[in-house]
Amino acid sequence: MTLAATTALGSVLVFSQGGGMFVGPLDHVAIQYASRNTSDAVARLNKKIQDDQVQLLFDGPHGYLRSVLAALDIAIESQTLAYSETSFQTERITDTTPRALYFNDTVAVGWVNGGDVLEIAAQDPEQGVIFWTLTQKPQHKPQFARNPRCLECHLSVSTAGVPGLFVMSMLPLSDDQNDYARGWYVDHRTPIEDRWGGWYVTGGKVPRAHLGNVPVYHVERSYTRLAVAPTLTSVSEKFDTTAYLSPYSDVIALLVLNHQVHMTNLLTRLGWEARRAAHQGTPVEARVRETARELVDYLLFIDEAPLSAPVSGASGFADQFSAAGPRDTKGRSLRQLDLERRLFQYPCSYMIYTPAFDALPVAAREAVYARMWEVLSGRDKDQSYDRLSAADRQAIVEILRDTKTGLPDYFAPLRR
């Protein structure tokens, strides 16, 4: 629903990145996804509205969008635009009326131009991603409602078997009725040349080869790849952006979003695996250790696809994102961007600071920290970890020691 760039028309062949998945039922006694109360940002906002602590304002064609973004502390600069025909409001989405997505570390908001509802996905610290909608009509005390329909797409192998997020990239589909749209799920492991089909991509410097900024439907020939993708400083070069909060679909925001979606799902899956194991009387079972290992590899960007060329945005997202911190005593932050050869200057995910990480069961969190130390200290000699330089490892440990509450004492300073 919220982050998919998929099609509701015709058939789609989908290819997925590798990884494990949670295979238990959503109503498992240790999970109870649909029936437990949640404490995600939208659930808290609902209560504040009811208690007259927050008032959402209806703003013409944008409806509650501006007010909701402000209430959830989501920057307009995070806007990305998908024009493949997405969500259950697909009939309103075209290349001149793309779907706008806004996000912070734990919440994503989808807005369709002229749409009936806002679509929101919020990460609950324990229950995973909760899907909400808000009717786009003036109300005295508007309330977000949970929308189980979103799980039709947002519960699958692409989300690690838990209710979660995903981003897709689509290759163009022709008018041939026997043709199939081809797409795959995207995260930071996906080569840049395979990303962003069905999305606008704007920026000062954008990789030469990617799949964005070209039509997805009703093209003359399917599966076309351009040697050099069309470049856009802003989407106003493509359509009238008067109805949108921003004329950008920022390449830096897309890169960060590509990382964040799978990290979100891995945190949920690990928490669920540990809760199920504890219920069965086996606090640290093989599935918990395996999931922790997978999460740590992703957390440390072990399989990150390199940037093919330096990247820069134009919306201001990069500055806004990097300024959020926290910073160590040397002024360094896990949110500092590299953008020359990789996404982050220090390859350890800022998602380690999220409530979902801190809410992991003790056994799961300990498994993550133990595995991180095996890698960062160099005890694991596997060649796949050679991409973490001695300087990388030292900086990550020093930043975490200064900024991460609850970090185990065995995270001792490293020496080059």
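Residues numbered from 1 in each chain as written. Predicted model: local features only at pLDDT ≥ 70, side-chain atom pairs only at ≥ 80, totals over all residues. Heavy atoms only, no water.

### What to know about the overall build of the chain
A tally of regular secondary structure across the chain gives eight helices and 11 strands. Along the first, second and third principal axes, the C-alpha atoms of the chain reach 55 × 50 × 45 Å. Excluding contacts between residues fewer than 6 apart, the proportion of contacts in the chain whose partners are at least 24 apart in sequence is 67%. Entry remark: accessible area of the chain is about 17,100 Å², with carbon and sulfur atoms responsible for 49%. Averaging the locations of the 41 positively and 47 negatively charged side chains of the chain gives two centres separated by 5 Å. (Helix = DSSP H or I, 4+ residues; strand = E, 2+ residues; numbered from the N terminus. Contact = heavy atoms within 4.5 Å. Areas by Shrake-Rupley, 256 points an atom, 1.4 Å probe, with all protein chains shown as cover. Lys, Arg positive; Asp, Glu negative; His and termini not counted. Charge placed at Lys NZ, Arg CZ, Asp CG, Glu CD.)

### Considering the layout of surface pockets
Its volume calculated, the largest pocket comes out at about 590 Å³. Contributing to the lining of the largest pocket are 33 residues, with Leu72, Asp73, Asn104, Asp105 and Thr106 lying nearest its centre. Mapped onto the lining of the largest pocket, the elements with two or more residues apiece are α1 (41–50), α3 (251–279), α5 (317–322) and α6 (355–358). (1 Å grid on protein atoms, 1.4 Å probe; cavity = no way out; pocket = protein on both sides within 12 Å on 5 of 7 lines; lining within 4 Å. Points joined across faces, edges and corners; volume = space filled by probe spheres on them.)

### Side note on the pairing of strand β3 (residues 99–103)
Burial analysis of β3 places five of its five residues in the buried class, the great majority of the element. Note that strand β2 (residues 80–82) and β3 share three bridges and pair antiparallel. Bridging from a neighbouring strand, Ala82 pairs with Arg99 of β3. Adjacent in sequence and paired antiparallel, β3 and strand β4 (residues 107–111) are bridged by three residues. (Buried < 20%, exposed > 50% of the residue type's maximum accessible area, 1.4 Å probe, protein only. Pairing = 2+ DSSP bridges.)

### Notes on helix α4 (residues 286–299)
Because an α-helix completes one turn every 3.6 residues, residues spaced three or four positions apart along the sequence face the same direction. Between its first and last C-alpha atoms α4 spans 20 Å; for 14 residues at 1.5 Å apiece the expected length is 20 Å, and the two agree. Those residues of α4 that sit buried are Val288, Thr291, Ala292, Glu294, Leu295, Val296, Tyr298 and Leu299. Buried positions along α4 lie against α3 and α7 (362–376). Phe301 lies just past α4 and shows a positive phi near 60°. (Expected span 1.5 Å × (residues − 1).)

### Thoughts on the packing of α3 against α4
Viewed as axis vectors pointing N to C, α3 and α4 meet at an angle of 160°, and their least axial separation amounts to 9 Å. Classified by the angle between their axes, α3 and α4 sit roughly antiparallel to one another. Crossing hand, α3 versus α4: left-handed. The residues of α4 that touch α3, namely those facing Asn258, His259, His262, Met263, Leu266, Leu267, Arg269, Leu270, Glu273, Ala274, Arg276 and Ala277, are Arg287, Val288, Thr291, Ala292, Glu294, Leu295, Tyr298 and Leu299. Taken together, the residues that form the contact of α3 with α4 break down as 11 nonpolar, four polar and five charged. (Axes fitted to C-alpha atoms, helices over the stretch in contact; angles between N-to-C directions. Parallel < 35°, antiparallel > 145°, perpendicular 65-115°, else oblique. Left-handed = near helix turned anticlockwise from the far one by under 90°. Nonpolar A, V, L, I, M, F, W, Y, C, P; charged D, E, K, R; others polar.)

### Points about the pattern of salt bridges
All chains considered together, the criterion is met by 20 salt bridges. Between Glu119 and Arg99 there is a salt bridge, and its shortest N-O distance comes to 2.8 Å. Linking Glu119 in strand β5 (residues 117–124) with Arg99 in strand β3, this pair joins segments that are 20 residues apart in sequence. We classify Glu119 as buried; its relative accessible area is 0%. On the accessibility criterion, Arg99 (0% relative accessible area) is buried. Glu273 is the partner of Arg269 in a salt bridge, and the nearest nitrogen-oxygen pair spans 3.5 Å. With a gap of four residues between them, Arg269 and Glu273 both fall in helix α3, about one helical turn apart. (Salt bridge = Lys/Arg side-chain N within 4 Å of Asp/Glu carboxyl O.)

### Some thoughts on the confidence of the model for the chain
In this model, the chain carries an average pLDDT of 90, and 90% of its residues clear a pLDDT of 70 or more. Strand β1 (residues 12–15) is the least confidently modelled element of the chain, averaging 50 in pLDDT, while helix α2 (residues 65–71) averages 98, the highest of any element. Segment residues 4–14 is flagged for pLDDT under 50; beyond a separation of four residues in sequence, or across chains, it makes 35 contacts in the model. (pLDDT = per-residue confidence, 0-100.)

### Looking at empty space enclosed by the protein
For the structure shown, the criterion picks out four cavities of 30 Å³ or more. Quantified by volume, the second largest cavity comes out at close to 90 Å³. In terms of lining, the second largest cavity is formed by 16 residues, of which the most central are Thr106, Val107, Ala108, Leu165 and Gln260. Those elements that place two or more of their residues in the lining of the second largest cavity are β4, β5 and α3. A total of four residues in the lining of the second largest cavity trace back to one element, the largest contributor, which is α3. Classifying every residue of the lining of the second largest cavity by side-chain character gives 10 nonpolar, five polar and one charged.

### Section: the packing of aromatic side chains
Tallying each qualifying case throughout the model produces 19 aromatic pairs. Ring plane angle 80° and centroid distance 5.4 Å describe the contact between Phe22 and Trp272, whose orientation is recorded as edge-to-face. Of this pair, Phe22 sits in the loop between β1 and α1 while Trp272 sits in helix α3, placing them 250 residues apart in sequence. Neither residue differs from the other here; Phe22 and Trp272 are each classed as buried. Ring geometry for Phe317 versus Phe321: centroids 5.6 Å apart, planes at 25°, classification stacked. In this pair, Phe317 and Phe321 both sit in helix α5, four residues apart, roughly one turn of the helix. (Phe/Tyr/Trp six-rings, centres within 6.5 Å; stacked < 30°, edge-to-face > 60°.)

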